[in-house]
Amino acid sequence: MIHDSSFTSSKALKFGTIAFRQSLNLQSSFKLALRQIHMENNHKSDSRGALIVLEGLDRSGKTSQSSRLLSYLEGLSHSVESWRFPDRNTGVGQMISSYLANESQLDDHTIHLLFSANRWEKRSLMESKLRSGTTLIVDRYSFSGVAFSSAKGLDIEWCKAPEIGLLAPDLVLYLDIPPEKAAERGGYGGERYEQLEFQRKVAHSYQILRDASWKTVDAGLPLDDVEKQLREMVLDCVTTCQKGKVLSKLWST
Ligand code: NYM
Ligand code: MG
């Protein structure tokens, strides 16, 4: 009896161990399957639109090239939008617009922060567009903010500070043109900053800001030639972001 019972319990123990092992196996295959599903989902959500910024002096051709790039990408059936800063349609944008038109006067620091606030008010929309797969071609961004304000003599690090944490562009296309040549192009409008001497200082500030995400194009070339070069760079960037690239933040260490 005693022997029997010990036999039965050792059998039960063996059975229990097998059942336990099998359940462990099942658990780990289940976990593996879950991980695979998770990775697939992650892969899908990593695919996103590209944040492409055009920078350069006034009259360097950014606006014309933005609209050309928009039509080009639309023609390839990409989801794409063209944005610009300052965005003059918001309340902050209207204050900026009247300052630029010399209809109001503001302290240099104040207008700098308004330009920055104008980007911050669009930040979350920008992120959701990019994550949903829309590429944004943006005419001016934080680099304009820092280049123009620091050209007035404001400290460059102070100028960069309010931009920290905005989305970092995947590509900055710098339309390079000598300030004298830009000034010849149909002349400047009546807006603040549109003066040769000031634009020389802005060009200098842009040089300090240049980093690895920048590509420089000779904007003195005919529009078609500039466009051809830009198309290639843009398409390359859009493809990289479609495959999945981490969306990073500007100037955070
Ligand atoms: N500008 C633009 C700034 O001074 N700081 C900024 O942050 C931005 C986005 O506004 N001369 C200046 C550069 C231009 C002016 O822009 C208006 P646009 O692209 O010419 O309309
Ligand atoms: Mg302008």
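Conventions used here
Residues numbered from 1 in each chain as written. Chains lettered and ligands numbered in written order. Predicted model: local features only at pLDDT ≥ 70, side-chain atom pairs only at ≥ 80, totals over all residues. Heavy atoms only, no water. pLDDT = per-residue confidence, 0-100. Contact = heavy atoms within 4.5 Å. Core = buried A, V, L, I, M, F, W, Y, C linked by side-chain atoms within 4.5 Å. Buried < 20%, exposed > 50% of the residue type's maximum accessible area, 1.4 Å probe, protein only. Helix = DSSP H or I, 4+ residues; strand = E, 2+ residues; numbered from the N terminus. Near = heavy atom within 4 Å. Polar contact = N/O pair within 3.5 Å; in protein donor to acceptor, adjacent residues only side chain to side chain. Areas by Shrake-Rupley, 256 points an atom, 1.4 Å probe, with all protein chains shown as cover. 1 Å grid on protein atoms, 1.4 Å probe; cavity = no way out; pocket = protein on both sides within 12 Å on 5 of 7 lines; lining within 4 Å. Sits in = over half its atoms within 2 Å of the grid points. Nonpolar A, V, L, I, M, F, W, Y, C, P; charged D, E, K, R; others polar. Points joined across faces, edges and corners; volume = space filled by probe spheres on them. Pairing = 2+ DSSP bridges. Axes fitted to C-alpha atoms, helices over the stretch in contact; angles between N-to-C directions.

Let's talk about the confidence of the model for the protein chain
Caution applies to low-pLDDT regions: their predicted coordinates should not be interpreted in detail.
Inference 1: Scored by pLDDT, the protein chain comes out at a mean of 89, with 82% of its residues at no less than 70.
Inference 2: Confidence over residues 1-8 falls short of pLDDT 50; this stretch has zero contacts with residues more than four positions distant or in other chains.
Inference 3: Within the model, pLDDT remains below 50 along residues 34-43, and this stretch shows one contact once partners closer than five positions in the same chain are excluded.

Concerning the nonpolar core
Inference 1: Counting 61 residues, the largest nonpolar core has Ile52, Met126, Val138, Tyr141, Phe143 and Tyr206 as the members making the most contacts within it.
Inference 2: With six residues, helix α10 (residues 223-243) is the single largest residue contributor to this core.
Inference 3: In this view, Val138 contacts Leu51, Ile52, Val53, Leu54, Trp83, Phe85 and Met126; residues no more than four positions away in its chain are not counted.

Structural notes on the site of ligand 1
Inference 1: Surveying the vicinity of ligand 1 reveals 14 residues, the closest of which are Asp58, Arg88, Arg119, Arg140 and Gly145.
Inference 2: Arg84 has a polar side-chain atom sitting 3.3 Å from an oxygen atom of ligand 1.
Inference 3: Contact distances for ligand 1 include 2.8 Å between an oxygen atom and a side-chain N or O atom of Arg140.
Inference 4: When ligand 1 is considered free in solution it has 480 Å² of accessible area, and contact with the protein chains removes 94% of it.
Inference 5: Among the cavities detected, the one that contains ligand 1 is the largest pocket.
Inference 6: Counting residues per element, the ones that place at least two in the shell around ligand 1 are α4 (108-120) and α6 (142-151).
Inference 7: Considering each element in turn, the shell around ligand 1 owes the most residues, three residues, to α6.
Inference 8: Of the residues that constitute the shell around ligand 1, the class distribution is six nonpolar, two polar and six charged.

A short note on the layout of surface pockets
Inference 1: In this model, the largest pocket occupies a volume close to 600 Å³.
Inference 2: Asp58, Lys62, Arg84, Arg140 and Glu194 are the residues nearest the centre of the largest pocket, which is lined by 29 residues in total.
Inference 3: If you list the elements that add at least two residues to the lining of the largest pocket, you get α2 (62-75), α4 and α6.
Inference 4: In terms of residues, the lining of the largest pocket owes the most to one element, α6, which gives four residues.
Inference 5: The class makeup of the residues in the lining of the largest pocket is eight nonpolar, nine polar and 12 charged.

Thoughts on the sheet that holds strand β2 (residues 80-84)
Inference 1: In space, the five strands of this open sheet follow the order β2-β3-β1-β4-β5, with parallel pairing throughout. The open sheet has two edge strands, β2 and β5 (214-218), and neither has a second partner. Neighbour to neighbour, the strand axes of the sheet diverge by 20° on average, direction disregarded.
Inference 2: With five bridges connecting them, strand β1 (residues 51-56) and strand β4 (residues 171-176) associate as parallel partners. Residue pairing across strands places Ile52 opposite Leu171, the latter belonging to β4.
Inference 3: Packed on one face of the sheet, α6 meets β1, β4 and β5 and runs near 25° to β1.
Inference 4: Across the sheet, helix α9 (residues 196-209) lies against β1, β4 and β5, angled at about 150° from β4, the strand it touches most.

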